[in-house]
Every structure is written in C-alpha cells, then in structure tokens.
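# Residue-level structure breakdown
Residue strings, one per chain:
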Amino acid sequence: MAKLGAKKEVEVEGVTYTFQHPGTRAFAQIQDRIQVEGGKMSSERMSEELFKHVIVEPKVDFDYFDEHDGYEEVITEAMSFLRSGK
C-alpha cells in the first residue's frame, strides 16, 4: 500500500479525526525537525508537525485541545499512522 496520501479516520472522544500520510521523505524531514539537544524528540515540536502535516480534519492546534479532550490519544494515533501508513 502506498503511504503518500493514504488516509485514516479515528474517532476520539466523539470527534472523528482524519489523518493523511505526507510520504516517507516528509516523515524523515519531520523526524529531523523535531530533534533537540542530544538527539531527543521534542513532544511540542512533534505535535506541531502532526497538526500541520498529518491531522487534516478537523484542523487542530494546542488551543483546540484546550477546549477538547483526547490530545494524547490523537497524538498517539497520528504518530502510529505516520510510522506505518496504516
């Protein structure tokens, strides 16, 4: 199955989120951008990348999740989808 453009819908706390895969190269670029000192991943940067490049519906950001439950579950699901394309 091709990853680029693949979509998946996930329901969290009664809201349906649509994920779209940005492709393998974009995934590698995201991994590069989220690195902080010591090669560790920044959770904030990762979330921002997922908001911008993977979670396509509804459009979300940190402010959205101040008003809606499910932030951790949505981020976990989006990361899993980004890694697998499924």
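Each remark here, short or long, concerns the structure printed above.
What this report covers is the structure whose coordinates are included nearby. (Residues numbered from 1 in each chain as written. Predicted model: local features only at pLDDT ≥ 70, side-chain atom pairs only at ≥ 80, totals over all residues. Heavy atoms only, no water.)

## Re the sheet that holds strand β1 (residues 7–12)
The criterion, for reference: Strand pairing is defined by DSSP finding a minimum of two bridges between the two strands. Think of it this way: any DSSP run of H or I at least four residues long counts as a helix, any run of E at least two long counts as a strand, and we number them from the N terminus. Orientation is described by lines fitted to C-alpha atoms, with helices fitted over the stretch in contact, and by angles between N-to-C directions that extend from 0 to 180 degrees.
Across the sheet, which stays open at both edges, the three strands sit in the order β1-β2-β3 with antiparallel pairing between neighbours. Each having just a single partner strand, β1 and β3 (55–57) make up the two edges of the open sheet. Each strand of the sheet is rotated relative to its neighbour by a mean of 40 degrees, with strand direction disregarded. Bridge count between strand β2 (residues 15–20) and β3: two bridges; the pairing is antiparallel. Bridge pairing in β3 links T18 to E57.

## Some points on the packing of aromatic side chains
The geometry of an aromatic ring pair is captured by two quantities: the separation of the ring centres and the angle between the planes. As a reminder, the rule being used: Any two rings among Phe, Tyr and Trp, with Trp reduced to its six-membered ring, count as a pair given centres within 6.5 Å; such a pair is stacked if its planes are under 30 degrees apart, edge-to-face if over 60, and tilted if neither. The cut-offs for exposure are 20% and 50% of the maximum accessible area for each residue type, with area from a 1.4 Å probe on protein chains only; residues under the lower value are buried, those over the upper are exposed, and the others partly exposed.
Under the definition given, this model contains eight aromatic pairs. With a centroid separation of 4.9 Å and an interplanar angle of 85 degrees, the aromatic rings of Y64 and F65 are classed as edge-to-face. F65 carries the same exposure label as Y64, and that label is buried. Through a chain of ring-to-ring contacts, the aromatic side chains of Y17, F51, F62, Y64, F65 and Y71 assemble into a single cluster.

## A short note on the environment of M41
The line we're drawing: Residue contacts are defined here by distance: any two heavy atoms, one from each residue, within 4.5 Å place the two residues in contact.
Here M41 shows up in the loop between α1 (24–33) and α2 (43–53). Given the relative accessible area of 43%, M41 is considered partly exposed. Spatially, the C-alpha atom of M41 lies 20 Å from that of G85, the residues being 44 residues apart in sequence. In this structure M41 touches I34, V36 and M46, once residues within four positions along its chain are discounted.

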